[in-house]
Amino acid sequence: MGNVIFSALLPIVITFLLGIFAAWRHDFGADQAQSLNKMVMNYALPLTLFAGIMSIAKDSLTEQFTLFIIVLLAMMTAFLATIVIARYVFKRDIMTSALQGLAIGGPAVPFVGVSVLGYLFAKNSAIPIATASITMNVLQVPVTMMLLSYGSSQKKGASQSSPPLPVMSHVIHAFRQPVCWAPVLALVLLLAGIRLPKSLHLSMTLLGQATGGVALFASGIILFYQKIALNLPVITSVVFRNIIVPLALWGILLLTGLPHELLEESVITMAIPVASIVIILAVEYHIAEKEMASTLFVSTVISFITIAGFMLLTMR
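The structure reproduced in this document is the subject of the present report.

Conventions and cut-offs
Residues numbered from 1 in each chain as written. Predicted model: local features only at pLDDT ≥ 70, side-chain atom pairs only at ≥ 80, totals over all residues. Heavy atoms only, no water. Helix = DSSP H or I, 4+ residues; strand = E, 2+ residues; numbered from the N terminus. Buried < 20%, exposed > 50% of the residue type's maximum accessible area, 1.4 Å probe, protein only. Areas by Shrake-Rupley, 256 points an atom, 1.4 Å probe, with all protein chains shown as cover. Lys, Arg positive; Asp, Glu negative; His and termini not counted. Charge placed at Lys NZ, Arg CZ, Asp CG, Glu CD. Axes fitted to C-alpha atoms, helices over the stretch in contact; angles between N-to-C directions. Parallel < 35°, antiparallel > 145°, perpendicular 65-115°, else oblique. Left-handed = near helix turned anticlockwise from the far one by under 90°. Contact = heavy atoms within 4.5 Å. Salt bridge = Lys/Arg side-chain N within 4 Å of Asp/Glu carboxyl O. Patch = residues over 30% accessible without salt bridge, like charges linked within 9 Å, V, L, I, M, F, W, Y side chains within 5 Å. Expected span 1.5 Å × (residues − 1). Bend = angle between axes of the 7 residues up to and from the residue. Polar contact = N/O pair within 3.5 Å; in protein donor to acceptor, adjacent residues only side chain to side chain. Core = buried A, V, L, I, M, F, W, Y, C linked by side-chain atoms within 4.5 Å. Nonpolar A, V, L, I, M, F, W, Y, C, P; charged D, E, K, R; others polar. Phe/Tyr/Trp six-rings, centres within 6.5 Å; stacked < 30°, edge-to-face > 60°. Lys NZ or Arg CZ within 6 Å of the ring centre and 35° of its normal.

1. Details of the overall build of the chain
Looking only at helices and strands, the chain features 15 helices and 0 strands. Across the 316 residues in the chain, those meeting the buried criterion constitute 52%. Split by element, the accessible area of the chain, about 14200 Å² in all, is 69% carbon and sulfur. When the 16 basic and 11 acidic side-chain charges of the chain are each reduced to a single mean position, those positions are 6 Å apart.

2. Some points on the packing of helix 2 (residues 30-54) against helix 9 (residues 178-191)
Contact pair helix 2 / helix 9: the axes reach a minimum separation of 8 Å and the direction vectors enclose 15°. For the element pair helix 2 / helix 9, the angle class is roughly parallel. At the point where helix 2 passes helix 9, the crossing takes the right-handed sense. On helix 9, the residues touching M41, N42, L45, P46, L49, F50, I53 and M54 of helix 2 are P178, V179, A182, P183, L185, A186, L187, L189 and L190.

3. Topic: the side chain of Q140
Checked against the element boundaries, Q140 lands in helix 7 (residues 126-160). Judged by its relative accessible area of 0%, Q140 is buried. Q140 has contacts with M75, M76, F79, L102, G105, G106 and T135, leaving out every residue within four places of it along the chain.

4. Comments concerning the pattern of salt bridges
Pairing is possible between side chains of opposite charge, provided their charged atoms come close. According to the stated counting rule, one finds 2 salt bridges in the structure shown. For D27, the salt bridge is made with R25, and the minimal N-O distance between the two is 2.9 Å. The class of D27 is partly exposed, set by a relative accessible area of 38%.

5. Re a nonpolar patch on the surface
A contiguous nonpolar patch, built from L230, I235, V239, F240, I243, I244, L247 and L313 and spanning about 620 Å² of accessible area, is present on the exposed surface. Here the nonpolar patch gets 6 residues from one element, more than from any other, and that element is helix 12 (residues 232-256). Locating I235 in the fold gives a position in helix 12. Given a relative accessible area of 41%, I235 falls into the partly exposed group.

6. Some details on helix 12
Compared with an ideal rise of 1.5 Å per residue, which puts 25 residues at 36 Å, helix 12 spans 33 Å between its outermost C-alpha atoms and is within 8% of the ideal. The principal kink in helix 12, of about 45°, is found at F240. Every buried residue of helix 12 is accounted for by V234, S237, V238, R241, N242, V245, P246, L249 and L253. Elements in contact with the buried residues of helix 12: helix 4 (65-88), helix 5 (94-105), helix 13 (260-270) and helix 15 (289-314). Of the residues flanking the start of helix 12, the one acting as N-cap is N231, its side-chain oxygen 3.1 Å from the backbone nitrogen of V234. Taken from the residues just after helix 12, G257 is the one with a positive phi, measuring 75°.

7. What to know about the environment of M54
Along the chain, M54 turns up in helix 2. Exposure remark for M54: the relative accessible area of 2% places this residue in the buried category. A sequence separation of 140 residues divides M54 from I194, and the C-alpha atoms of the two residues are 8.4 Å apart. For M54, the residues in contact, after removing those within four places along its chain, are A186, L189, L190, I194, R195 and L196.

8. A short note on the nonpolar core
The biggest cluster of nonpolar side chains holds 82 residues, and the ones touching the most others in it are M145, V179, I277, I279 and L281. It is helix 4 that provides the largest number of residues to this core, a total of 11 residues. The residues touching I277, leaving out its near neighbours within four places in the chain, are L45, L102, M136 and V141. Of all hydrophobic cores here, the second largest spans 13 residues; its members include I56, A130, A182 and A186.

9. A look at the packing of helix 4 against helix 13
Where helix 4 meets helix 13, the closest approach of the two axes is 10 Å, and the angle between their N-to-C directions is 30°. On the basis of the axis angle, helix 4 is roughly parallel to helix 13. In this structure, helix 4 meets helix 13 at a crossing whose hand is right-handed. Note on element contacts: helix 13 touches helix 4 through L262, E265, S266, T269 and M270, opposite T66, L67, I70, V71, A74 and M75. Within the contact of helix 4 with helix 13, the residues separate by chemical class into 7 nonpolar, 3 polar and 1 charged.

10. Details of the packing of aromatic side chains
Evaluated as defined, the whole model comprises 5 aromatic pairs. Look at F65 and F68: their rings are 6.1 Å apart centre to centre, the planes differ by 15°, and that puts the pair in the stacked class. You can see F65 and its partner F68 sitting in helix 4, 3 residues apart, about one turn around the helix. Taking relative accessible area as the criterion, F65 reaches 48% and is therefore assigned partly exposed. Lying across the ring of Y88, R87 places its NZ or CZ 5.9 Å from the centre.

Geometric values such as these leave the question of function open.
This is the structure:
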């Protein structure tokens, strides 16, 4: 069990540290980290999202529908509740609230899930991995980008004394981005029963495979120049992402009396740390970069302990 977690998470930490080392050597500056991020945002990430969703077996979504619904509801509830609480209780701006919602509600299942969930649950891991990928990329990321666009428009309007743009313009802005329309298109094609030829799938994954590594490397560069922050928002996000959300799901599922296998898969899925998409979007919109990079790094490091803890708690 320890080897699984170590093997899945160590590459994330090492890639992050390599980015910090590269910045320390002055091989890369903060502006170059933004260029790397732009490549990920506009090319590598849309390709890997499209290819990843198109590779899902359509039948598996219906065969384990209960697990699909549990993971989807857990992610969306944590995501939306965090945005509302951050915005209206703690009075954070809408852009930072959206990113914090994505950090807490969006585990890095597309990057870490195959290693951890695949080892633990074999063929049954396909559903939580597929569900988390679809929920994050088709629902959470577009909503986050709409709120980021809206917040950015508000800031510009306030500085230029101009009226804010209508809501529909932010929806259009979000879905103009390849990172939003690519997974939606892939889901439509998947549900229509259309499959990619193997050669085309491999062509998309060639650059797409660079997504996680380049995003983490760029995050390390950003973290070097902005310095790691262990403030209340970072600690809160990490505690909720790594501990509170999966623990709450564990308690709820225990009360429902669902089969223990569903509980195991759902809880371990939700115990996976913060996804690198939060720092990709933070850099893209120049908001909360230090907070999101710190949250990603700390969440990943302590997940060595927290995932092991949830395995001991849930697995027989």
